[in-house]
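The primary structure of each chain is shown beneath.
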Amino acid sequence: MQLPCQHTVSTYYIFQLQNEIILADTEANDDQSNEAVNRLIAITSELEQWQEMEPKLLTRSPEVLLAVGKEELQRLNNQLKMVLSCSQAKLDAQKKILKREQTWQAEKKEALNAVCEKITRLQRENEKSEHSVLQDMKRKINNLKDYHSSLMEMLSDMLAEHFPLPDPQGNGTKKKRAAAYDAEINLISLSEIIERLTNKTLETPHDPYVTTDDTFWPPYTEMLLRNGIAARHPEDCNKIRLEIFF
């Protein structure tokens, strides 16, 4: 076994210094560039002298060479152990990732199988054509519309019975006479007031306010406002809207 000679070590450092000079030369100005060139010439000359020298061993003693060889092998062995330890750690991490991915894949397969089985079962239980499903949906929609119409009729009848329009002649109690109104004005019923508010909210939700006029009987308007069914416009007291219930 031969030890690295001084010539080889010096050559390595010379080349390293030469590379640093070249790199520094690209970023320097003209004066610095000239100085770097001079240094490069000097180092090149020194390198040629080193190349002409005969390499010599540091020692020829077998004991020294054996000790140095053992030390070098020990250092190399320690480095290989470190590499092995790092590789083993990476391998363990990859095994954990693989196990986790396999578990995730198994869970997804189970979920997929369950969904496929459910779809198959539903297809067997509900063997209906698209036309029959569409007809069934239309029938349900029509039933819902009929139910809605019946509810609106019942609401209208209830409002007409319990909240009638005032008597234009002012007959009855003193309270009713005080609430008498001009017979020439065609007042609208409470049901129609609520219907207008509802339609305005659905048709133009960005502007749900309805302007009240003489056809709105003030007691009914005030009742809607006080019971939280309607709300007045913050800037125009003649406009009201249906309160938001959701």
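Summary of the structure given here. The numbering scheme is per chain: residues are counted from 1 as the chain's sequence reads. For a predicted model such as this one, the threshold for reporting local features is a pLDDT of at least 70, and the threshold for listing and counting side-chain atom pairs is 80 or more; totals across whole chains, interfaces and linings nevertheless cover every residue. Where side-chain values are given, they derive from all heavy atoms of the structure, hydrogens and water being excluded.

1. Let's talk about the nonpolar core
As a rule of thumb, nonpolar side chains are buried together in soluble globular proteins. Where we set the bar: Here, the term nonpolar core denotes a set of buried Ala, Val, Leu, Ile, Met, Phe, Trp, Tyr and Cys residues that are joined through side-chain atoms within 4.5 Å. To sort residues, take the accessible area from a 1.4 Å probe on protein chains only and compare it with the maximum for the residue type: under 20% means buried, over 50% means exposed, and anything in between is partly exposed. Numbering goes from the N terminus for both helices and strands, where a helix is a DSSP run of H or I of at least four residues and a strand is a run of E of at least two.
Counting residues in each nonpolar core, the largest one holds 16 residues, and the members touching the most others are Leu190, Ile193, Leu197 and Leu224. For this core, the elements supplying multiple residues, two or more each, are α6 (190–203), α7 (218–226) and β3 (239–242). With four residues, α6 is the single largest residue contributor to this core.

2. Here we look at the pairing of β3
Filter applied, for reference: Being paired, for any two strands, means DSSP has found at least two bridges between them.
Bridging between strand β1 (residues 210–211) and β3 involves two bridges; their strand directions are antiparallel. Residue Val210 lies in a different strand from β3, and its bridge partner there is Ile240. Where strand β2 (residues 230–232) lies against β3, three bridges are found, and the strand directions are antiparallel. Bridge pairing links Ala231 to Arg241 in β3. What sits between the antiparallel neighbours β2 and β3 is a turn of six residues.

3. Section: the sheet that holds β3
The strands making up a sheet associate through backbone hydrogen bonding, with each pair oriented either parallel or antiparallel. Under the convention used in this document: Contacts are assigned to residue pairs that have any heavy atoms within 4.5 Å of one another. Every angle, taken between N-to-C directions, lies between 0 and 180 degrees, and every axis is a line fitted to C-alpha atoms, over only the stretch in contact when it is a helix.
Spatially, β1-β3-β2 is the arrangement adopted by the three strands of the open sheet, whose pairing is antiparallel. The open sheet has two free edges, formed respectively by β1 and β2, since each of these has just one partner strand. Packed on one face of the sheet, α6 meets β1, β2 and β3 and runs near 75° to β3. Packing against the sheet, α7 makes contact with β2 and β3, and its axis sits at approximately 100° to β2.

4. As for α6
Note: α-helices contain 3.6 residues per turn, so residues at a spacing of three or four share the same orientation. As a reminder, the rule being used: Each residue after the first adds 1.5 Å to the expected span of a helix. It is the directions from the helix axis to the C-beta atoms that the arc portrays.
Taking 1.5 Å as the rise per residue, α6 with 14 residues should run 20 Å; its terminal C-alpha atoms sit 20 Å apart, in good agreement. For α6, the full list of buried residues reads Leu190, Ser191, Ile193, Ile194 and Leu197. Taken around the axis of α6, the buried residues stretch over an arc of 165°, which confines them to a single face. Turned more than 90 degrees from where α6 packs its buried face, Leu202 and Glu203 sit exposed.

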